[in-house]
Amino acid sequence: MNISVIGCGRWGTFIAWYLGKIGHSMLLYGRETSKDFNELKDTRKNRLLTLNDNVTMCSDIERTIANSDIIVISINAQGLRGLMKELTEKGIEDKTLVLCMKGLEESSGKRLSEIVGEYSKCKLAIWVGPGHVQDFTKGRPNCMVIDSFDNDVKNRLINLFSSDLIRFYYGSDMIGNEIGAATKNVIGIASGMLDGLGVGSLKGVLISRGTREINRLITAMGGDGMCAYGLSHLGDYGATVFSEFSHNRAYGERVIKGEDYGLLAEGVYTAKALEVLSKKYDVELPICHSVYSILFENAKGEEVLSKLFSRPQKSEE
C-alpha cells in the first residue's frame, strides 16, 4: 500500500518509519524550509530513529497527494486549518485522511474532524492513544485507537496498520475520542506542575478527578462520556502524566519552576480551547481552568493548585 505522511516532526517521522516497517511504501512530506525535513533528507535519521529504505522524502505537496489514497496528517493542531485550505485547492475528495494528532482549535474549541469537514467531504479517521517513539523504536508494544464516522474506513485502516508492535482498537465515538485525546495533554501539564512543586504524590487525585471532569465535558458535547476512561484519555495517562518522555508533563514542570522549555506543548493551545468549550457547554472544568489561569492569567501556581486540591469533593466526582 502506498501511503503519504504530512509532517516530519517526531511523531510524523515515526509514523512513516512504523508503516514502512510493516511493509507499506511510504512518502514523508515536509516543507523545504523545515529543519526536520532537511535533516531527514540529508541523513535519513533524527535523534530517535533511522528511516527505512521504503520511506521517500518529498517537499512537493501535489506529488504527496497524488502518491496514494491514504494521507496521514501529523502536524501542530493549530496548523490544520491552513493545511486543509492548501489540500482542498489540490483536490482530496477521493482520499482518506487520517489525523494522527491531538488537539483542539484554540480560538473556537472545534475538534479537528470538524475543521476537516469545513473544507472537504473526504473519508476521515483519527489515530489516537498512548505511546512514545522512544518505546516503540525499542520494540515495546502498545495499544492505540482508530475511529471514524465510517465503519468501512475504520475497518480498512485497522487491518492495514495493525502489527505486533501496535494493536489497534475500534473506536466507537469520535467526539469522545477526539476530546479525550486532546484534553489528556492539559492534564499532563497539570501533572508536570505537581512535579515541579514536589507534590507528585497528588497525581492519583489528579487522575481520578481529571477523568470525571473530561467525562462531563464529553457528555455535554453529545459524546459518550465513558471515552474518558478509554485509551484516548485515561489509557494515555501513563505516557502523558508519568513518563519522562512526555512533552506536556515536562512543560508543566518547567513553567511552575519559572524555567524556559523552549517551545509550546500542544496542551497549552488546548487549555485555551477548553475555556471556550467550558463556557459554551456550561461545564465546570476546574483542573483545566487552573492550568489556563497559570499559563495565561499570571496566577501563582502553588496558590492555584493548593486551592484546586482543597476544593470540597462532590459525590459525583
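To be clear, the structure that these remarks concern was listed above.
Notes on the structure follow. Computed from a prediction, not measured in an experiment: that's the story for all the values here.

### So, the nonpolar core
- Counting residues in hydrophobic clusters, the biggest one holds 41 residues, and the most contacted among them are Ile179, Met193, Leu217, Leu274, Val291 and Leu305.
- Per-element tally for this core: the top contributor is helix H8 (residues 174–196), with nine residues.
- If we skip the residues at most four places from it in the chain, Met193 touches Gly252, Glu253, Val255, Ile256, Val291, Ile294, Leu295 and Leu305.
- In terms of nonpolar packing, the next biggest core, distinct from the first, is built from 37 residues, Leu28, Leu51, Val133 and Leu165 among them.

### As for the sheet that holds strand S4 (residues 70–73)
- As summarised here, the arrangement of the eight strands in space is S3-S2-S1-S4-S5-S6-S7-S8, forming an open sheet in which the pairing is mixed. Each edge of the sheet is formed by a strand with only one pairing partner; in this case those strands are strand S3 (55–58) and strand S8 (166–170). Taken pair by pair, the neighbouring strands of this sheet meet at an average axis angle of 25°, ignoring direction.
- The pairing of strand S1 (residues 2–6) with S4 spans four bridges and is classified as parallel. Looking at the pairing, Ile6 lines up with Ile73 of S4.
- Helix-sheet contacts for helix H2 (residues 35–43) involve strand S2 (25–29) and S3, and the interaxial angle to S3 is about 130°.
- Sheet strands in contact with helix H4 (residues 80–90) are S1, S4 and strand S5 (96–99), and its direction is about 155° off that of S4.

### Looking at empty space enclosed by the protein
- Per the counting criterion, the structure on display carries two cavities of 30 Å³ or more.
- A volume near 60 Å³ is recorded for the largest cavity.
- For the largest cavity, the full set of lining residues is Met101, Lys102, Gly103, Leu104, Arg111, Leu112, Ile126, Val128, Glu178 and Ala181.
- Of all the secondary structure elements, the ones that give two or more residues to the lining of the largest cavity are strand S6 (123–128) and H8.
- Classifying every residue of the lining of the largest cavity by side-chain character gives six nonpolar, one polar and three charged.

### Some points on unusual backbone geometry
- The backbone phi angle of Arg44 is positive, close to 65°, even though this residue is not glycine.
- Here Arg44 lies in the loop between H2 and S3.
- Assessed through its relative accessible area of 26%, Arg44 is described here as partly exposed.
- The phi dihedral of Asp282 is positive, around 55°, even though this residue is not glycine.
- Counting through the fold element by element, Asp282 comes out in the loop between helix H12 (266–280) and helix H13 (286–296).

### Re the environment of Leu112
- Within the secondary structure layout, Leu112 lies in helix H5 (residues 112–119).
- Leu112 sits in the buried class, given a relative accessible area of 2%.
- Counting along the chain gives 95 residues from Leu112 to Ile207, while the straight-line C-alpha distance between them is 25 Å.

Rules used in this analysis
Residues numbered from 1 in each chain as written. Predicted model: local features only at pLDDT ≥ 70, side-chain atom pairs only at ≥ 80, totals over all residues. Heavy atoms only, no water. Core = buried A, V, L, I, M, F, W, Y, C linked by side-chain atoms within 4.5 Å. Buried < 20%, exposed > 50% of the residue type's maximum accessible area, 1.4 Å probe, protein only. Helix = DSSP H or I, 4+ residues; strand = E, 2+ residues; numbered from the N terminus. Contact = heavy atoms within 4.5 Å. Pairing = 2+ DSSP bridges. Axes fitted to C-alpha atoms, helices over the stretch in contact; angles between N-to-C directions. 1 Å grid on protein atoms, 1.4 Å probe; cavity = no way out; pocket = protein on both sides within 12 Å on 5 of 7 lines; lining within 4 Å. Points joined across faces, edges and corners; volume = space filled by probe spheres on them. Nonpolar A, V, L, I, M, F, W, Y, C, P; charged D, E, K, R; others polar.

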